[in-house]
Amino acid sequence: MIFVFLPAEIIAYSVLNTSFMADIILGIESSCDDTSAAVISDGYLLSNVLASQDVHKAYGGVIPELASRAHQLNIVPVVSEAITRAGIKPEDITAIAFTRGPGLLGSLLVGTSFAKGLAMALDKPLVEVNHLQGHVLANFIKQHGSENRQPEFPYLCLLVSGGNSQIVKVNSPLEYEILGQTIDDAVGEAFDKCSKMMGLGYPGGPIVDRLAKEGDPLKYRFSKPHVPGFDYSFSGIKTSLLYFVRDMMAEDPEFMEKNKADICASFQKALIDILMDKLIKAAKATGIRQITIGGGVSANSGLRSRIVEEGKKRGWTTFLPEFKFTTDNAAMIAVAGWFHYKNGTRTALDVAPVSRIAEF
Ligand code: KG4
């Protein structure tokens, strides 16, 4: 178990100064392989604690059974550390927000059960959050001492993670329209598969990203899918990488080792081109120029600089979440939970987690 105490907590200030009116939300996230808890006060981050799970590295992917066991070990220390670092007492909490889904059922069950138990013990309202809403609202996490720029509604969010690739029109904090989404694999899976195919390790995205910086993005070309509207497809490009590597290795068994940086750079460029083509198309069709990204793949350095570059060219105002809020974290769940809480959402104590949620 590795604990990461994110630097924003250093700024955690005395809640006593603001507590007379503030909504203090405890957020709990356990949808995949990160156990996280965060505390916000009227949207300002007081603490964000994360325990990631190294156990999966040996298997090249998340093993659901091991993930839920690790959540069970981590959840109590992570939540209590978040409360301590926020400088609050459990009874100061206004509401408890938790990820109900989508995600791995066993993992979700740990966070959901813990949130329910704590809500019951403290007699505090429980607020369920769709994990994807957390990613879409990550730019609303406010931090003392930071600029805290926030998009205006409506904005477009390119939501890209290990399980999703969507263009979402965000009309208000709780009102969404999915303009386009993948018809098969998510873009994060394509990054992970690329790394796995080349024996580079897991999770693949950050590894491919790092190697891509040293390679030539124009050296190899991968065919792009033809999908109508604003939808995506990433299964074909995964297969073309597989065949490409297989054919080149047949000619030169050292091909991959010698060219891994160029392969990663070219493959990453192809994925970013696919993502950007549809995002540009959606921005043109809707006339929306407030553009955000969210989800694990939004940590990708190539994608981040491309969004900024396109934004400058097209007159967009772009919002990139800080790196620590791109992958799974409870701060975004607390913020989404706060919007729900203010909107009157109260979740019954007999709630069960759901592994799939069709709509936001
Ligand atoms: O949002 P996330 O933490 O989990 C969910 O899928 O919900 O996203 C994980 C995905 C993985 O596929 C991982 O490889 C990818 O995000 N990822 C990246 C980068 N960092 C994480 N992909 C490309 N570049 C990165 N720097």
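Note that residues are indexed from 1 along each chain, following the sequence as it is written. Confidence filtering applies because this is a predicted model: local features only for residues at pLDDT of at least 70, side-chain atom pairs given and counted only at 80 or more, and all residues used for totals across whole chains, interfaces and linings. Where side-chain values are given, they derive from all heavy atoms of the structure, hydrogens and water being excluded.

**Examining the environment of S165**
Moving on, step 1. Labels follow the DSSP assignment, with helices taken as runs of H or I lasting at least four residues and strands as runs of E lasting at least two, numbered in each case from the N terminus. Following the sequence through the fold, S165 ends up in strand β8 (residues 165-172).
Moving on, step 2. Only heavy atoms matter for contacts: two residues are in contact if any of them lie within 4.5 Å across the pair. For S165, the contacting residues outside a window of four places in its chain are L159, V160, G180, Q181, T182, D185, A186, V187, Y232 and F234.

**What to know about the environment of L174**
Moving on, step 1. Mapped onto the elements, L174 comes out in the loop between β8 and β9 (175-181).
Moving on, step 2. Taking C-alpha positions, L174 is 8.8 Å from N343, a pair spaced 169 residues apart along the chain.
Moving on, step 3. Setting aside residues no more than four positions away along its own chain, L174 makes contact with Q133, F339, H340 and N343.

**Observations concerning unusual backbone geometry**
Moving on, step 1. Looking along the chain, the bond that leaves F153 and enters P154 is cis, with omega of -5 degrees.
Moving on, step 2. The omega torsion of the bond from Y202 to P203 falls at -10 degrees, within 30 degrees of zero and hence cis.
Moving on, step 3. Relative to the helices and strands, P203 is located in the loop between α4 (187-197) and α5 (204-212).
Moving on, step 4. In the Ramachandran plot, N148 falls in the positive-phi region, its phi being about 55 degrees despite a non-glycine side chain.
Moving on, step 5. Positionally, N148 belongs in the loop between α3 (131-136) and β7 (155-160).

**Description of the nonpolar core**
Moving on, step 1. In plain words, nonpolar cores are sets of buried Ala, Val, Leu, Ile, Met, Phe, Trp, Tyr and Cys residues tied together by side-chain atoms within 4.5 Å. In this scheme, a residue with accessible area under 20% of its type's maximum is buried, one over 50% is exposed, and one in between is partly exposed, where area comes from a 1.4 Å probe on protein chains only. Among the nonpolar cores identified, the biggest contains 45 residues, and L158, F234 and L303 are the most heavily contacted of them.
Moving on, step 2. Of all the secondary-structure elements, those providing two or more residues to this core are β7, α4, α5, α6 (235-251), α7 (255-286), β10 (290-294) and α8 (301-314).
Moving on, step 3. Ranked by the residues each element gives to this core, the list is headed by α7, at 17 residues.
Moving on, step 4. Setting aside residues up to four positions removed in sequence, F234 forms contacts with S165, T182, D184, D185, A186, V187, A190, L271, I274 and L275.

**Some words on the pairing of β10**
Moving on, step 1. The element β10 is extensively covered by neighbouring structure, given that 5 of its 5 residues are classed as buried.
Moving on, step 2. Residue alternation in β10 divides its side chains into two sets, Q290, T292 and G294 and I291 and I293, and both sets are buried.
Moving on, step 3. Alignment of β7 against β10, held across 4 bridges, turns out to be parallel. The residue of β10 that forms the bridge with L156 is I291.
Moving on, step 4. The sheet contact formed by β10 and strand β11 (residues 317-319) spans 3 bridges and is parallel. When the sheet's bridge partners are listed, T292 is paired in β11 with F319. One bridge is not enough; two strands pair if DSSP finds at least two bridges between them.

**With respect to the site of the ligand**
Moving on, step 1. One heavy atom within 4 Å of a molecule or strand makes the whole residue count as near it. Neighbouring residues of the ligand: 18 residues in total, closest G162, D192, G205, D209 and G296.
Moving on, step 2. Between N or O atoms, a polar contact is any pair within 3.5 Å; within protein, one atom must be a potential hydrogen donor and the other a potential acceptor, and residues adjacent in sequence are included only when both atoms are from side chains. Separating an oxygen atom of the ligand from a backbone N or O atom of G163 is a distance of 3.4 Å.
Moving on, step 3. For the ligand, an oxygen atom lies 3.4 Å from a polar atom in the side chain of D328.
Moving on, step 4. Methods summary: accessible areas were calculated by the Shrake-Rupley approach with a probe of 1.4 Å, and residue burial reflects only the protein chains presented. Against a free-state accessible area of 560 Å², the protein chains account for coverage of 86% of the ligand.
Moving on, step 5. Of all the secondary-structure elements, those providing two or more residues to the shell around the ligand are α3, α4 and α5.

**Things to note about the pattern of salt bridges**
Moving on, step 1. What counts as a salt bridge is simple: a side-chain nitrogen of Lys or Arg found within 4 Å of a carboxyl oxygen of Asp or Glu. Enumeration according to the criterion identifies 17 salt bridges in this entry.
Moving on, step 2. Here E65 and R69 are joined by a salt bridge, their closest N and O atoms 3.4 Å apart. A residue pair is termed a helical-turn pair when its members lie 3 or 4 positions apart in one helix, as E65 and R69 do in helix α1 (residues 64-86) at 4 residues.
Moving on, step 3. Take R69: its relative accessible area is 47%, and that puts it in the partly exposed class.

**Some remarks on the sheet that holds β8**
Moving on, step 1. The strand order β9-β8-β7-β10-β11 describes an open sheet built from 5 strands, whose pairing is mixed. Where the open sheet ends on each side, the last strands, each with one partner, are β9 and β11. On average, adjacent strands in this sheet sit at an angle of 25 degrees to one another, irrespective of strand direction.
Moving on, step 2. Those strands touched by α7 are β7, β8, β9 and β10, and its axis lies near 160 degrees from that of β7. Structural elements are reduced to axes, namely lines fitted to C-alpha atoms, with helices fitted over the stretch in contact, and the angle between N-to-C directions of any two is expressed from 0 to 180 degrees.

What is shown is where atoms sit, not what they do.
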